[in-house]
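One letter stands for each residue in the lines below.
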Amino acid sequence: MEETTNLPTVRQVGIRYGLIGGVISIIFFVIMNVAQVDITAWYWKWIGYIITAVLIFLAHKYYKENGNGFMPYGQGIGIGVWIGIISSIISSVFTYIYIKFIDSGFIEAIKEKSIADMEAKGMSDEQIEQAMKFVSMFTTAEAMFIMGIIFGIITAVIIALLVSIFTQKKNPEPTF
């Protein structure tokens, strides 16, 4: 009689940690807004990258510990893709709802910050006006929703490519 085991799949692990990532990103966003921190600063993006890398690392660890102990490079990337898809959808839906229905002044604050940054760089009024036409196209709730999903997935894939280099563990006895 064959013994059947319930080994975790790449998708199951990716969804599990994607849900965790989505919740963490919502909590992070709310804390930063309540604290009135400039979330557009470069260092906050790096904190997000580090959180994503840690989540992918933990997902890989979970996959190996609850599976057969092995995880090829491609499976590590697959887990990262699922994490990116799920966490990006969750955080983008939350951001859309927040911008559209809770804090309609959020986008105006982003635009005002953009103008202040351009003025600090010494740009002329004409240059600022031209740049703001471009900024306005991407600072709608809908554009931020779409870009949040696209860039969230791309970021997670890039991080998964890197993390998987270190977390992969090939099976010395491949099965065909």
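Since we're looking at a predicted model, the values are computed, not measured.

The next point concerns the layout of surface pockets. In this structure, the largest pocket encloses a volume near 1,600 Å³. Lining the largest pocket we find 40 residues, and of these Ile39, Lys45, Met144, Gly148 and Phe151 sit closest to its centre. Of all the elements in the fold, those that place two or more residues in the lining of the largest pocket are helix 1 (10-34), helix 2 (42-66), helix 3 (73-102), helix 4 (105-120), helix 5 (125-138) and helix 6 (141-167). Among the residues making up the lining of the largest pocket, the classes are represented as 21 nonpolar, 15 polar and four charged. Quantified by volume, the second largest pocket comes out at close to 270 Å³. As for the second largest pocket, its lining consists of 13 residues, and the residues nearest its centre are Asn33, Val37, Ile39, Phe106 and Ala109. When residues of the lining of the second largest pocket are traced back to their parent elements, those giving at least two are helix 1 and helix 4. Tallied by class, the residues present in the lining of the second largest pocket amount to seven nonpolar, three polar and three charged.

Bringing the pattern of salt bridges into the picture now. A complete count under the given rule lists three salt bridges for this structure. Salt-bridge contacts for Lys61 lead to Glu65; the nearest nitrogen and oxygen are separated by 3.3 Å. Note that Lys61 and Glu65 are positioned in helix 2 at a spacing of four residues, about one turn of the helix. Given the relative accessible area of 56%, Glu65 is considered exposed.

By the element assignment, Glu129 lies in helix 5. Along the sequence, Glu129 and Gly74 sit 55 residues apart, while their C-alpha atoms lie 46 Å from each other.

What follows is about the side chain of His60. Following the sequence through the fold, His60 ends up in helix 2. A distance of 2.6 Å separates the side chain of His60 from the side chain of Thr167, its partner in a polar contact. Other than its neighbours up to four places away in sequence, His60 contacts Met71, Gly76, Ile79, Val163, Ser164 and Thr167.

Formed by 13 residues in total, the largest nonpolar core has its most connected members in Val13, Tyr17, Ile56, Ala59, Tyr63, Ile79 and Ile83. Elements with a minimum of two residues in this core: helix 1, helix 2, helix 3 and helix 6. Ranked by residues supplied to this core, first place goes to helix 2 with four residues. Non-local contacts of Val13, meaning those with residues more than four positions away in its chain, are made with Pro8, Ala59, Tyr62, Tyr63 and Ile79. In terms of nonpolar packing, the next biggest core, distinct from the first, is built from seven residues, Phe106, Ile107, Ile110 and Ala141 among them.

Procedures and definitions
Residues numbered from 1 in each chain as written. Predicted model: local features only at pLDDT ≥ 70, side-chain atom pairs only at ≥ 80, totals over all residues. Heavy atoms only, no water. 1 Å grid on protein atoms, 1.4 Å probe; cavity = no way out; pocket = protein on both sides within 12 Å on 5 of 7 lines; lining within 4 Å. Points joined across faces, edges and corners; volume = space filled by probe spheres on them. Helix = DSSP H or I, 4+ residues; strand = E, 2+ residues; numbered from the N terminus. Nonpolar A, V, L, I, M, F, W, Y, C, P; charged D, E, K, R; others polar. Salt bridge = Lys/Arg side-chain N within 4 Å of Asp/Glu carboxyl O. Buried < 20%, exposed > 50% of the residue type's maximum accessible area, 1.4 Å probe, protein only. Polar contact = N/O pair within 3.5 Å; in protein donor to acceptor, adjacent residues only side chain to side chain. Contact = heavy atoms within 4.5 Å. Core = buried A, V, L, I, M, F, W, Y, C linked by side-chain atoms within 4.5 Å.

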